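Letter by letter, the chains look like this.
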Amino acid sequence: MDINVARHALVLHQPGGESVRPLLSPINDLIALRPETTYDLYLYDQYWTFWPADWFEQLDGDVNVEKLVNHISDQAARWRRRRYHKLFLAAAQDATERKLSASLAPHLEKIRWLPGNQDDNVPDGDLPALAVYTLIRALELRPLDLVECPRCRIPWLTTTDADRNPFCLRPSLGQLTTCRQLHKEEQFRTRHGDWRREYKRLHERLRRGSLSETELMAWRAENTLESWQPFELWQTQTSSPTGARPRTAQKVAPDSGAVTAQKGATATRAGQSQKTSRSKRQSTSDSKESAK
Ligand SMILES: [Zn+2]
């Protein structure tokens, strides 16, 4: 398989196309090896173009997916028996100290390095060789850190950026969805639930006559699903003597239907524009992270 690195990502080349993966995926995927069908399916999906051609048998004019996944499952079991998950975890630790572990030598010698911008080459399906290749390329590019994913609790190698996302890009235990995606969905559900409760509560107050339509409209104008404060807190700050609300986090008990307002979430018009630029920065850093 011809491989290269472009824009800090791994590019797998094959006749008729290419696929791109985060640069540190191969080593992190080996560290998380486990006997789970969902994990074999994840490997099948992520390295579709990388598996050896003779694993692709035909069935009724299409690829026999079951046979292919069985090959991957057998190969992953061999890697686990050779304790490659431990070997690559130790190598990842060494990489945080800017060292390449000598135990990687048998995999290192499988790589063919070509001069200039030509693609390098590793044997098809040899994920350990691919992991060594990408580890070396990552060491050339940036400082690395080994962190424990807060969800699956399996360490993973990532960058030392202060704003990095600690949730890993591998499937969560027993699932096909990644830890990062599951965390994002949970956050959304929590935020959405609290927002809905506050919205319903204010409409109930409007119905009872303890809140005017103007007050509700004013709150709605400044509070959105992404960034909001409970009505009473927002009102207190709007009517403070200076008229300006602080840009620091305000924590409110969850059972009052409130959430922790994000830093700088509401404020003066200047604060609003800061919010916009911060969320732009956030989305840029998210896309940067996903390319890693
Ligand atoms: Zn994880």
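Residues numbered from 1 in each chain as written. Predicted model: local features only at pLDDT ≥ 70, side-chain atom pairs only at ≥ 80, totals over all residues.

### Considering the packing of helix α2 (residues 37-46) against helix α3 (residues 65-81)
Each pair of packed helices can be described by the angle between their axes along with the distance between the axes. Where α2 contacts α3, the two axes come as close as 9 Å, and the packing angle between them is 110 degrees. One finds that α2 runs roughly perpendicular with respect to α3. For the pair α2 and α3, the crossing hand works out as right-handed. For the pair α2 and α3, contact is made by Asp40, Leu41, Leu43 and Tyr44 and by Leu68, Val69, Ile72, Ser73 and Ala76, respectively. Taken together, the residues of the contact of α2 with α3 break down into seven nonpolar, one polar and one charged. (Axes fitted to C-alpha atoms, helices over the stretch in contact; angles between N-to-C directions. Helix = DSSP H or I, 4+ residues; strand = E, 2+ residues; numbered from the N terminus. Parallel < 35°, antiparallel > 145°, perpendicular 65-115°, else oblique. Left-handed = near helix turned anticlockwise from the far one by under 90°. Contact = placed C-beta atoms within 7 Å. Nonpolar A, V, L, I, M, F, W, Y, C, P; charged D, E, K, R; others polar.)

### A short note on the sheet that holds strand β6 (residues 120-121)
Strand order across the open sheet formed by four strands is β3-β2-β1-β6, with antiparallel pairing between neighbours. Taken across any chain shown, the strands that pair with only one partner, and hence form the sheet edges, are β3 (17-22) and β6. For strand β2 (residues 9-14) and β3, the ladder comprises six bridges, and the chain directions are antiparallel. Paired with Ala9 across the two strands is Pro22, which belongs to β3. (Pairing = 2+ DSSP bridges.)

### Quick notes on the environment of Arg7
Assignment of secondary structure puts Arg7 in the loop between β1 (2-6) and β2. Sequence separation of Arg7 and Pro22 is 15 residues, and the distance between their C-alpha atoms is 10.0 Å.

### Quick word on the nonpolar core
Core analysis: the largest hydrophobic core is formed by 44 residues, its most contacted members being Ile27, Leu30, Ile31, Phe88, Ala92 and Ala131. Among the elements of the structure, β2, α1 (25-31), α2, α3, α4 (84-96), α6 (127-141) and β8 (155-159) are those that each provide at least two residues to this core. Looking at which element gives the most residues to this core, the answer is α6, with eight residues. Once residues within four sequence positions are removed from consideration, Leu30 is found in contact with Trp79, Tyr84, His85, Phe88, Leu127, Pro128 and Ala131. (Core = buried A, V, L, I, M, F, W, Y, C linked by C-beta atoms within 7 Å. Buried ≥ 20, exposed ≤ 12 C-beta atoms within 10 Å, placed from the backbone.)

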